[in-house]
Amino acid sequence: MFSKILIANRGEIAVRIIKTCRRLGIATVVVYSEADADSMAVEMADESVFIGGAPAAESYLVADKIVAACRETGAEAVHPGFGFLSENAGFAKRLAAEGIVFIGPNPGAIEAMGDKIESKKFAARAGVSTVPGHVGEIDDTAHALKIAGEIGYPVMIKASAGGGGKGIRVAWKPQDVEEGFPAVRAEAKASFGDDRIFIEKFIESPRHIEIQVLGDKHGAVVHLFERECSIQRRNQKVIEEAPSPLLDEATRAAMGAQAVALAKAVNYDSAGTVEFVAGQDKSFFFLEMNTRLQVEHPVTELITGVDLVEQMIRSAAGEPLAFGQQDLAINGWAIESRIYAEDPYRGFLPSIGRLVRYLPPEEGNSGAAKVRNDAGVREGDEISMFYDPMISKLSTWGPDRLLAIDAMGRALEDFHIEGPGHNIPFLAAVMDQERFRSGALSTNYIKEEFPDGFAGTEPTAFQADLLAATACAMHRRLTARSAPQLVRDEWVVIAGHDRCKVRLSNGGDAFHVAFEDGRTLSLTEIDWRPGQPLFRAVLDAQPFTALVKPAAEGFIVRHRACTRHVLVLTPRSAELHGKLPPKKAADTSKMILSPMPGLVVSMDVTPGQSVQAGQAVAVVEAMKMQNIIRAEREGVVKTVGPKAGDSVAADEVLVEFA
């Protein structure tokens, strides 16, 4: 076994690897860039080595710097995590030449399956059913247009060395190829140092199901069942689960056998994932193989009890697998939600900034369920524009699928973040949807369920009661503290368009809210004091956590995906409030605003130019993704704000029309 391992990565996966190494008694070294100097991984590791500037091309992608760090610290092996150099066969060969062990598959397996183009050629030769497409390299946009026309729209334009949802576009028509091909090539070059692209048929309403495989250096390979990753946004996985609600035992066995056979054919000797696109009829086609640890590996660990990072280390050290296929079984169900720094209310655009507050749910057993949170950040850390916007991975386990989903919903309630925008309300909305709970998934799920974008959800009957009771309890406590002479029992609660008269009272250990229709709510076990962002209580025997903050009048209360401004007023104040004119929003109809903070790659219009609706006016890069900004209406450009190379803030004016 190794005595010291260098982790050639950052963020939550670096922290995840450190935790396993600590349990195994292995010393750790992390490398870090300028942006990560004060990171949690640097704090936790036994040693750390600075390797360059914030852009990955100056630090995490530079093999020479990784090797030098190994030499400096005496690390015997390198764990690459995922992304960066994790699927780079040249890097694995370089380490071998330097006498350093690569904790991952052998270079031959990476070359055979890690390259998306080569893997499809290999799979075709091996008789594996694959998605129709062009498996050769593509020269330029004209060549891409010709290939797309031959395959038939829609097609997927994909980086050969891609991963993590980057370097992917779906093209529904030739214009999409003209715009998407150069964008994908640029993203591929920036993220992976490899701008080769391939194109394949895009299968509509598919499901994304993958098989986790694990091999050793003695020829043994097993699979650890499947993960369903169909809930995706911009080809980036958002919610994963294990096992899949689609598969029956026969299909599971067939997919597992095919994945193992493919892994054995390339002498696979580490953790890897064979990805399939599946139809609703349980048909499946080989998509690609990720020759590394997957982001979503926690759900597999939760249902099998196998530490995949540990097994990768043991395999790299030459140890044989300590178990066979017959020793593995599925226990319960696990769900993973990726907590991203992005604003779901603004089309899921990336968000950056400091984590002013970061309060994750408590990990461990929670009734019959379990909660796990994989993170590489702490309160006060900054979410940088240079890397993936994931903040953490929240996972829950339950004896069955619905219990795992319910546990996730409660854990999301208890997760509080302030600073950058985040997708927790959106994730909570999905957990509450009947379609998701029924298991009727597809990779089009988000487009189909949120066709007009995400704007939160309307309150259910329970949430309407929760909003009113929470606001009344806070109002009562604040009034009793600051102006006890104003405490009274009769109030009017206004939440959005809803208004009702209530009578408040305390009885025993409960706080009661009586409505004019005769219903009475009881809040018990209230855990809140002024200044706290989370209000915890039990409403009529149902525990809940709400996010609360004071507003100019009343309170902003959010429960899961439902947010309301709630007022608690005297009857006279409520009467006067109803006569106030509504505020008018500022007129921005003649402006094109940057929807996110980022770097301007190009400004594609000039003053005096006529612009049509839908025309591209600028490209803004954020979180390594290039975002094409389009005009929402036709007009003549009056002024252009920033130029290529400038940094812009969210809502900064890019273009103003005459």
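Notes on the structure follow.

The rules we used
Residues numbered from 1 in each chain as written. Predicted model: local features only at pLDDT ≥ 70, side-chain atom pairs only at ≥ 80, totals over all residues. Heavy atoms only, no water. Helix = DSSP H or I, 4+ residues; strand = E, 2+ residues; numbered from the N terminus. Rg over C-alpha atoms; globule rule 2.2 N^0.38 Å. Buried < 20%, exposed > 50% of the residue type's maximum accessible area, 1.4 Å probe, protein only. Contact = heavy atoms within 4.5 Å. Areas by Shrake-Rupley, 256 points an atom, 1.4 Å probe, with all protein chains shown as cover. Lys, Arg positive; Asp, Glu negative; His and termini not counted. Charge placed at Lys NZ, Arg CZ, Asp CG, Glu CD. Phe/Tyr/Trp six-rings, centres within 6.5 Å; stacked < 30°, edge-to-face > 60°. Pairing = 2+ DSSP bridges. 1 Å grid on protein atoms, 1.4 Å probe; cavity = no way out; pocket = protein on both sides within 12 Å on 5 of 7 lines; lining within 4 Å. Points joined across faces, edges and corners; volume = space filled by probe spheres on them. Core = buried A, V, L, I, M, F, W, Y, C linked by side-chain atoms within 4.5 Å. Salt bridge = Lys/Arg side-chain N within 4 Å of Asp/Glu carboxyl O.

1. Overview of the overall build of the protein
Right, so step 1: If you tally the helices and strands in the protein, you get 17 helices and 40 strands.
Right, so step 2: A compact globule built from 658 residues should have a C-alpha radius of gyration of about 26 Å, and the protein, at 27 Å, falls within 12% of that.
Right, so step 3: When burial is assessed residue by residue, the protein has 56% of its 658 residues classed as buried.
Right, so step 4: Contacts spanning at least 24 positions in sequence make up 64% of the contacts within the protein whose residues lie at least 6 apart.
Right, so step 5: With an accessible surface of roughly 26,400 Å², the protein has 52% of that area assigned to carbon and sulfur atoms.
Right, so step 6: If you average the places of the 71 positive and of the 88 negative side-chain charges in the protein, the two averages end up 3 Å apart.

2. Focus on the packing of aromatic side chains
Right, so step 1: All told, the structure shown has 15 aromatic pairs when counted by the stated rule.
Right, so step 2: Among the aromatic side chains, those forming a connected cluster through ring pairs are Tyr345, Phe348, Phe426, Phe450 and Phe454.

3. Describing the side chain of Arg564
Right, so step 1: Checked against the element boundaries, Arg564 lands in strand β32 (residues 562-569).
Right, so step 2: For Arg564, a relative accessible area of 17% corresponds to the buried category.
Right, so step 3: Look past the residues within four positions of Arg564 in its chain and what remains in contact with it is Thr457, Glu458, Pro459, Leu467, Gly496, Phe555, Ile556 and Val557.

4. Things to note about the sheet that holds strand β3 (residues 47-52)
Right, so step 1: Strands sit in the order β3-β2-β1-β4-β5 across an open sheet of five strands; the sheet is parallel. With one partner strand each, in any of the chains shown, β3 and β5 (101-102) form the two edges of the open sheet.
Right, so step 2: Note: strand β4 (residues 77-79) against β5, two bridges, orientation parallel. In the sheet register, Val78 faces β5, and the bridge partner there is Phe102.

5. Structural notes on empty space enclosed by the protein
Right, so step 1: Under the definition given, this model contains three cavities of 30 Å³ or more.
Right, so step 2: The computed volume of the second largest cavity comes to approximately 40 Å³.
Right, so step 3: Contributing to the lining of the second largest cavity are Asn9, Arg10, Gly11, Ala14, Val30, Val31, Tyr32, Asp36, Ser39, Ala41, Val42 and Tyr60.
Right, so step 4: Listed by contribution, the elements that provide at least two residues to the lining of the second largest cavity are α1 (11-24), β2 (27-33) and α2 (40-44).
Right, so step 5: Considering every element that reaches the lining of the second largest cavity, the biggest residue donor is β2, with three residues.

6. A short note on the pairing of strand β11 (residues 221-233)
Right, so step 1: By the criterion of burial, β11 is predominantly enclosed, with 13 of the 13 residues buried.
Right, so step 2: Note: strand β10 (residues 207-215) against β11, six bridges, orientation antiparallel. Bridged to Leu214 within β11 is Val222.
Right, so step 3: Here β10 folds back onto β11 in antiparallel fashion, the turn holding five residues, of which Gly219 has a positive phi close to 95°.
Right, so step 4: Bridge count for β11 against strand β12 (residues 236-242) is four bridges, and the pairing is antiparallel. Paired with Glu228 across the bridge in β12 is Glu241.
Right, so step 5: Turn length for the β11-β12 hairpin, with the two strands adjacent in sequence and antiparallel, is two residues, and the turn residue Arg234 shows positive phi of about 55°.

7. Some remarks on the sheet that holds strand β33 (residues 591-593)
Right, so step 1: Taken together, the four strands give an open sheet; going across it, the order is β33-β40-β38-β35, and neighbouring strands pair in antiparallel fashion. At either end of the open sheet lies a strand with only one pairing partner, and these are β33 and β35 (610-611).
Right, so step 2: As paired elements, strand β38 (residues 635-640) and strand β40 (residues 653-657) share three bridges and run antiparallel to each other. Paired with Val637 across the bridge in β40 is Phe657.

8. Focus: the environment of Ser610
Right, so step 1: Residue placement: Ser610 occurs in strand β35.
Right, so step 2: In this structure Ser610 comes out as partly exposed when scored by relative accessible area, which is 49%.
Right, so step 3: Taking C-alpha positions, Ser610 is 50 Å from Ala461, a pair spaced 149 residues apart along the chain.
Right, so step 4: In this structure Ser610 touches Gln615, Gly635 and Val636, once residues within four positions along its chain are discounted.

9. Side note on the nonpolar core
Right, so step 1: Membership of the largest hydrophobic core comes to 65 residues, with the highest contact counts inside it found for Ile5, Leu6, Val31, Ile66, Val78, Phe91 and Ile313.
Right, so step 2: Residue contacts for Ile66: discarding those within four places in its chain leaves Leu6, Ala8, Val31, Ile51, Val78, Leu85 and Phe91.

10. With respect to the environment of Phe225
Right, so step 1: Structurally, Phe225 is set in strand β11.
Right, so step 2: A C-alpha to C-alpha distance of 9.9 Å links Phe225 and Ala259, two positions 34 residues apart in sequence.
Right, so step 3: Apart from residues no more than four positions distant in its own chain, Phe225 is found in contact with Glu210, Ile211, Gln212, Arg252, Thr304, Leu328, Ala329 and Ile330.

11. Focus: unusual backbone geometry
Right, so step 1: In this structure, Pro154 follows Tyr153 across a cis peptide bond, with omega equal to 0°.
Right, so step 2: Mapped onto the secondary structure, Pro154 falls in the loop between α7 (141-151) and β7 (155-163).
Right, so step 3: A cis amide bond, omega -5°, links Ala242 with the succeeding residue Pro243.
Right, so step 4: Assignment of secondary structure puts Pro243 in the loop between β12 and α9 (249-265).

12. Focus on the pattern of salt bridges
Right, so step 1: Using the criterion set out here, one finds 54 salt bridges in the structure.
Right, so step 2: Across the pair Arg252 and Glu226 runs a salt bridge, and its minimum N-O distance is 2.8 Å. With Arg252 in helix α9 and Glu226 in strand β11, the pair connects residues that are 26 residues apart, well separated along the chain.
Right, so step 3: For Glu226, a relative accessible area of 0% translates into the label buried.
Right, so step 4: Note that Glu413 and Arg560 form a salt bridge whose closest N and O atoms lie 2.7 Å from each other. Residue Glu413 is found in helix α12 (residues 401-413), and its partner Arg560 is found in the loop between β31 (555-559) and β32; the two are separated by 147 residues along the sequence.

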